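Below are the chains, spelled out letter by letter.
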Amino acid sequence: MVKDNYKLIYQEVIDTARKCGRNPEDVTLIAVSKTKPLSDIEELIQIGVEDFGENKVQELTDKYEHVSKPVRFHLIGHLQTNKVKYVVDKACLIHSVDSIKLAKEIQKEAVKKNVIAEILIEVNVAKEDSKFGLSVDEVIPLVEEIAQYPNIHINGLMTIAPFVENPEENRKYFRTLKQLSLDIKSKNIDNVNMNVLSMGMTNDYKVAIEEGATMVRVGTAIFGARNYNL
Ligand SMILES: *Cc1c(COP(=O)(O)O)cnc(C)c1O
């Protein structure tokens, strides 16, 4: 059952945080419900889960409109500029901002909807060709630019680490992202905070927590394998 899986992972998150001397309350477990039915989300809402992750705009907005109780939907997937208008007032946090062009569109649509868009900057720390996100060197200039957009609030950084057998192989990438967030924090840029580090998935969330993750995004371990051919 999805709720039993969730409870197990939630306990693992708490135990991992405690073991490395962190406060478990500083780590949010995001249940990544992409491709999964609303009934799975409802099962978790029943036990008080409030943070869900989706990677497609259409799926996020559909679920947003149909849940029985308001919960937070995080947009964790790549965002195309032409879809910003549908999601800017529905996602609680956009984890995947990686260009000025996208930020400009978010600013424009946030004004229209009269909201402040909460965002993270996505960093492709491992430099994988297949992934979106900025290279480490590009992050500070982009943060400094977006900091000037009045309807966007930068809350931190996000990365998707490579799929590896041994999660230890990703530790260096999580460490790099944490260091980058500290470097940015030390600049004290107005309208920017670095409170959020979104990193770690089913295979590597424990290592990510040890390296400072404040949000882990777990799908498979909670909902089971995804079938993209449905
Ligand atoms: C699908 C997805 C996840 C969850 O991955 P699992 O390995 O199933 O836990 C996390 N983050 C992002 C950005 C995703 O697209």
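Nothing here was measured: the structure is a model prediction, and the numbers come from that model.

What counts and how
Residues numbered from 1 in each chain as written. Predicted model: local features only at pLDDT ≥ 70, side-chain atom pairs only at ≥ 80, totals over all residues. Heavy atoms only, no water. Helix = DSSP H or I, 4+ residues; strand = E, 2+ residues; numbered from the N terminus. Rg over C-alpha atoms; globule rule 2.2 N^0.38 Å. Buried < 20%, exposed > 50% of the residue type's maximum accessible area, 1.4 Å probe, protein only. Contact = heavy atoms within 4.5 Å. Areas by Shrake-Rupley, 256 points an atom, 1.4 Å probe, with all protein chains shown as cover. Lys, Arg positive; Asp, Glu negative; His and termini not counted. Charge placed at Lys NZ, Arg CZ, Asp CG, Glu CD. Near = heavy atom within 4 Å. Polar contact = N/O pair within 3.5 Å; in protein donor to acceptor, adjacent residues only side chain to side chain. Nonpolar A, V, L, I, M, F, W, Y, C, P; charged D, E, K, R; others polar. Core = buried A, V, L, I, M, F, W, Y, C linked by side-chain atoms within 4.5 Å.

Across its full length, the protein carries nine helices and eight strands. Computed over the C-alpha atoms, the radius of gyration of the protein is 17 Å, within 12% of the 17 Å expected from 2.2 N^0.38 for a compact globule of 230 residues. Projected onto the principal axes, the alpha-carbon positions of the protein cover approximately 45 × 40 × 35 Å. Put simply, the protein has 230 residues, and 51% of those count as buried. When contacts within the protein are restricted to residue pairs at least 6 apart in sequence, those whose partners lie at least 24 apart make up 60%. Accessible surface, the protein as shown: approximately 11,200 Å² in total, 48% of it carbon and sulfur. Of the side chains in the protein, 30 bear a positive and 34 a negative charge, and the two mean positions are spaced by 1 Å.

The local shell around the ligand consists of Val32, Lys34, Ile76, Ile160, Met201, Thr202, Arg217, Val218, Gly219, Thr220 and Arg226. Here a nitrogen atom of the ligand sits 2.8 Å away from a polar atom, N or O, in the side chain of Arg217. A distance of 2.8 Å is found between an oxygen atom of the ligand and a backbone nitrogen or oxygen belonging to Gly219. Notes on the ligand: free accessible area 390 Å², of which the protein chains cover 90%. Residue composition of the shell around the ligand, by class: five nonpolar, three polar and three charged.

Ile106, Ile121, Leu157 and Ile222 are the most contacted members of the largest nonpolar core, which has 64 residues in total. Per-element accounting of this core gives the leading share, five residues, to helix H1 (residues 2–19). With residues near it in sequence (within four places) discarded, Ile106 still touches Leu79, Val84, Val88, Ile94, Val97, Ala117 and Ile152. Counting residues in hydrophobic clusters, the runner-up holds six residues, among them Ile30, Leu120, Met158 and Val196.

Take the environment of Pro24 next. Mapped onto the elements of the fold, Pro24 is located in the loop between H1 and strand S1 (28–32). For the pair formed by Pro24 and Gln11, sequence separation is 13 residues and the distance between their alpha carbons is 9.7 Å.

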